Amino acid sequence: MVNALEKARARAKTCLESAYEGLCTVIECQYIRDSVTKIKQQKEVVVLENQPCRLSFENIAATAQTETAATVSQGIKLFMSPEISIQPGSKILVRQNGMCGVYKASGAPAIYRTHQEIMLELFKGWA
């Protein structure tokens, strides 16, 4: 029974991964010590490159009216393999459907046996 369940999960994971249409690059802001000056400086470091993924957009037409202006909200979710580790706050570049977007991982991922889901927001700079 367990073997059949594991085979079914592996097939489900393969099926989900076949829907990945994008590639992402993950960048973290890390303190790097200069070998000459010995001073630590923040630098962008690529920690993952060309990882298959898929973007999903929610609430595309949702608009909230406030006293000053109407705001548009959009949920952006990244699907990828559960074995990959992405830190909250990482900068994520996604190329999908001929477009390239720059996002930030907004929190901890929801990890399942077949995939993980990471909520994203538009990258506006390092915090």
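Peer 1: I tried to follow unusual backbone geometry on my own but got confused; where do I start?
Peer 2: Leave glycine aside and you will find that most residues have negative phi; peptide bonds, for their part, are mostly trans. Of note, K38 is a non-glycine position whose phi angle comes to about 65°, a positive value. If you trace the backbone, K38 turns up in the loop between β1 (22-33) and β2 (40-58). Of note in the backbone geometry, N97 takes a positive phi value of approximately 55° without being a glycine. Position of N97 relative to the elements: it lies in the loop between β6 (91-96) and β7 (99-105). Exposure remark for N97: the relative accessible area of 59% places this residue in the exposed category.

Peer 1: Sorry, what's going on with the side chain of K13 here?
Peer 2: Within the secondary structure, K13 sits in helix α1 (residues 2-17). Dropping the residues within four chain positions of it, K13 is found in contact with S81, P82, E83, R113 and T114.

Peer 1: What is the right way to look at the environment of K104 in this model?
Peer 2: With respect to the element layout, K104 can be found in strand β7. Under the relative-accessibility criterion, K104 is labelled partly exposed at 22%. Separated by 77 residues in sequence, K104 and I27 place their C-alpha atoms 9.5 Å apart.

Peer 1: Sorry, what's going on with the environment of Q30 here?
Peer 2: Examined against the element boundaries, Q30 turns out to sit in strand β1. A sequence separation of 12 residues divides Q30 from Q42, and the C-alpha atoms of the two residues are 5.4 Å apart. Apart from the residues within four sequence positions on either side, Q30 is in contact with Q41, Q42, K43, V45 and V47. At a separation of 2.9 Å, a polar atom in the side chain of Q30 contacts the side chain of E28.

Peer 1: What is the right way to read the state of the cysteines from this model?
Peer 2: Following the criterion strictly, the structure yields 0 disulfides and no others. Of the cysteine sulfurs around C53, a residue in no disulfide, the closest is that of C24, at 4.1 Å. On the accessibility criterion, C53 (0% relative accessible area) is buried.

Peer 1: What exactly am I supposed to notice about the confidence of the model for the protein here?
Peer 2: A low pLDDT score tells you not to read the predicted coordinates there in detail. Chain-level pLDDT for the protein is 88 on average; 89% of the residues reach the 70-or-more range. For the protein, per-element mean pLDDT is lowest for strand β3 (residues 63-65), which scores 60, and highest for β6, which scores 96.

Criteria and thresholds
Residues numbered from 1 in each chain as written. Predicted model: local features only at pLDDT ≥ 70, side-chain atom pairs only at ≥ 80, totals over all residues. Heavy atoms only, no water. Helix = DSSP H or I, 4+ residues; strand = E, 2+ residues; numbered from the N terminus. Buried < 20%, exposed > 50% of the residue type's maximum accessible area, 1.4 Å probe, protein only. Contact = heavy atoms within 4.5 Å. Polar contact = N/O pair within 3.5 Å; in protein donor to acceptor, adjacent residues only side chain to side chain. Disulfide = S-S within 2.5 Å. pLDDT = per-residue confidence, 0-100.

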